[in-house]
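# Coordinates in review
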Amino acid sequence: MPDPMRTVAMEIASGLGWLVLGSAAIQYVFYTVQTALAFFELHRAREADRRADAAWMISAKSIPGITLLVPAYNEEKTIVENIRSLLTLRYPRYEIVVVNDGSKDGTARAVIEAFKLERTDLVRPHPAPCKPIRGIYRHRDYPNLLFIDKENGGKSDALNAAMNYAQHPLVCGVDADSLLDHNSLLKAARPFVEHPQNLIAVGGTIRIANGCEVHGGMVVNEGAPRRLLPLFQVIEYLRAFLIARLSLSRMNTVSIISGAFGLFKRSAVLKVGGYTHGTVGEDMELIVKLHRHFRERGERYHILFIPDPVCWTEAPESLTILRRQRTRWQRGLCEVLWRHRGMILNPRYGRIGFLGLPMFVFFDLLGPALDLAGFVLLPLFCWAGLLSWKFAAAFFAVVVLYGVFLSMSALVLAELALFRTTRKRDMVLLAFAAIAENFGYRQLNLLWRIEGIWQYFRKQKSWGEMTRTGFTQRKPVAGK
């Protein structure tokens, strides 16, 4: 190669290398700050718990009622167990509204047969738009359970249908493949009792149920998954909720509450028109809509994340299903950011406009491409003689070690936040996963996120089939 051309190539390689390194440095500084903020927020939350146990709310006269909104589509394997779990929750006033969103499997039949439901004529106003209702079912033995069978309209449509039949001031979206801890509603509702005026939404921690034993609709024995793919997801979820969400709550910039479990003021959700149709990121879309609505009207409000309550969900155990999930999440992110692009860096929207949404643009939208560039381009530059192999090795070592640091921090936060002692064998498995995920799994996720962006530009809207294997049931003891 002629010297001038090599000089240009060296300059390009150097520029790209510095771009990748600069991006990595910014991300690592930000993640370090996030981790510190998460520990501070956890300390604040634990101090509040020490001052008063949430159990006092059982007898409190001012406690608000809650309606659980449970959308279900092709959830035949887990829906009955989920409903049984919800019926045993510790809360004085709540109802469950389950919506079968035109499932193609036996979801509706499983629920109707398991709870011996009967068709009833119940008419209520529909302030939130939804597809036509085919039938409404209930049974006198389950006065707080309502089952709605409707035409398929998507998850947002099903949530709107459930909200239309809600009778309580608070509504809680719960995925049909999820299980709640016994005290989850008490802990999630406590901030609404303490701050009844300004609080409009509360999110909690989502954890992976794979590897746990379930009995009577409750997780009775926690354990780490024995399969590698869900084990990696345990680490991911702990990082996402106990570092990212806690720190966002500390900065008052919560931009997403998981659709698997979130508690909202029904009146606030209806003010913004309910859940948005035609989106695959309905959970983030709702939160950003709420921010936008209250900011534009100058009304005081607050959105909070608390580490405990816990909701358990079944994680995908195949690469095919996991890929569909992750590309869908990325498409949902793109939809929300584009729909609300006018909020980004707009002083009218305060912290959410200047900090919350720009973080998603840089770290979740642009970040995957820059991270993947580092994994791909640096070895190529070294092979071409444009960079030294020592430099590339040092870069990858820093990436792996920092990833392990974040994952271990999340494990420590989990022990502190959830007051649960992880078995030594499970801790060893999780520590192994925190290291092993850096060699292939993280890179796969980067590819899927970039694929999700590509799908968004191609206007792909489908959810894809999410096959469930069902929760691991505790084996009955002989003689019982």
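Higher on the page you've got the structure.
Notes on the structure in this doc start here. (Residues numbered from 1 in each chain as written. Predicted model: local features only at pLDDT ≥ 70, side-chain atom pairs only at ≥ 80, totals over all residues. Heavy atoms only, no water.)

### A word on the packing of aromatic side chains
Applying the stated criterion across every chain yields a total of 15 aromatic pairs. Ring centres 4.4 Å apart and planes at 20 degrees place the aromatic pair F30 and F363 in the stacked group. Residue F30 is found in helix α1 (residues 3-51), and its partner F363 is found in helix α10 (residues 350-383); the two are separated by 333 residues along the sequence. Relative accessible area serves as the criterion here: at 17%, F30 is assigned to the buried category. Seen in terms of ring centroids, Y402 and F405 are 5.5 Å apart; in terms of plane orientation they differ by 50 degrees. Their pairing is tilted. (Phe/Tyr/Trp six-rings, centres within 6.5 Å; stacked < 30°, edge-to-face > 60°. Helix = DSSP H or I, 4+ residues; strand = E, 2+ residues; numbered from the N terminus. Buried < 20%, exposed > 50% of the residue type's maximum accessible area, 1.4 Å probe, protein only.)

### Quick look at the packing of α10 against helix α13 (residues 441-457)
With their axes 9 Å apart at the nearest point, α10 and α13 run at an angle of 130 degrees to one another. Relative to α13, the element α10 is oriented oblique. The two elements α10 and α13 cross, and the hand of that crossing is left-handed. Counting all contacts with α10, which are made through F363, D364, L365, P368, A369, D371, L372 and F375, the residues of α13 involved are Q443, L446, L447, R449, I450 and I453. Broken down by class, the residue content of the contact of α10 with α13 amounts to 10 nonpolar, one polar and three charged. (Axes fitted to C-alpha atoms, helices over the stretch in contact; angles between N-to-C directions. Parallel < 35°, antiparallel > 145°, perpendicular 65-115°, else oblique. Left-handed = near helix turned anticlockwise from the far one by under 90°. Contact = heavy atoms within 4.5 Å. Nonpolar A, V, L, I, M, F, W, Y, C, P; charged D, E, K, R; others polar.)

### Points about the nonpolar core
With 103 residues, the main nonpolar core has I66, L68, F264 and L290 as its most contacted residues. Here this core takes 12 residues from helix α6 (residues 228-250), the largest share from any one element. Every residue in contact with I66, bar those within four places of it in the chain, is listed here: Y91, R93, Y94, E95, H168, L170, C172, L185, A189 and L263. (Core = buried A, V, L, I, M, F, W, Y, C linked by side-chain atoms within 4.5 Å.)

### So, the packing of α6 against helix α12 (residues 424-436)
Look at α6 against α12: their axes get within 9 Å of each other, and the N-to-C directions meet at 85 degrees. Relative to α12, the element α6 lies roughly perpendicular. Across the interface between the two elements, L228, L231, F232, V234 and I235 of α6 pack against L429, L430, F432, A433, A434 and A436 of α12.

### Structural notes on the environment of L322
Tracing the sequence through the fold places L322 in helix α9 (residues 319-339). The buried category is assigned to L322, whose relative accessible area is 0%. Taking the C-alpha atoms as reference points, L322 and W448, 126 residues apart in sequence, are found 9.3 Å from one another. L322 has contacts with L229, Q233, P316, Y441 and W448, leaving out every residue within four places of it along the chain.

### What to know about the side chain of T276
Tracing the sequence through the fold places T276 in the loop between α7 (266-271) and α8 (282-296). Accessibility expressed as a relative area gives 17% for T276, which makes it buried. Side-chain polar atoms of T276 contact the side chain of E285, separated by 3.3 Å. Engagement of the side chain of T276 in a polar contact is seen with the side chain of K289, the distance being 3.0 Å. Among residues more than four places away in sequence, those in contact with T276 are S156, E285, K289 and R339. (Polar contact = N/O pair within 3.5 Å; in protein donor to acceptor, adjacent residues only side chain to side chain.)

### Concerning the pattern of salt bridges
Pairing between side chains becomes possible if they bear opposite charge and their charged atoms approach one another. Evaluated as defined, the whole model comprises 21 salt bridges. Salt-bridge contacts for D101 lead to K150; the nearest nitrogen and oxygen are separated by 2.6 Å. A residue pair is termed long-range when its members are at least 10 positions apart, and D101 in strand β2 (residues 94-101) and K150 in strand β5 (residues 142-150) qualify at 49 residues. On the accessibility criterion, D101 (3% relative accessible area) is buried. A salt bridge links R227 to E317, with the nearest nitrogen and oxygen atoms 3.0 Å apart. With a gap of 90 residues between them, R227 in the loop between β10 (218-221) and α6 and E317 in the loop between β12 (302-313) and α9 connect regions that are remote in the sequence. Residue class for E317 comes out partly exposed when judged on its relative accessible area of 26%. Taken together, the salt bridges that share partners define one network made up of E41, R44 and R250. (Salt bridge = Lys/Arg side-chain N within 4 Å of Asp/Glu carboxyl O.)

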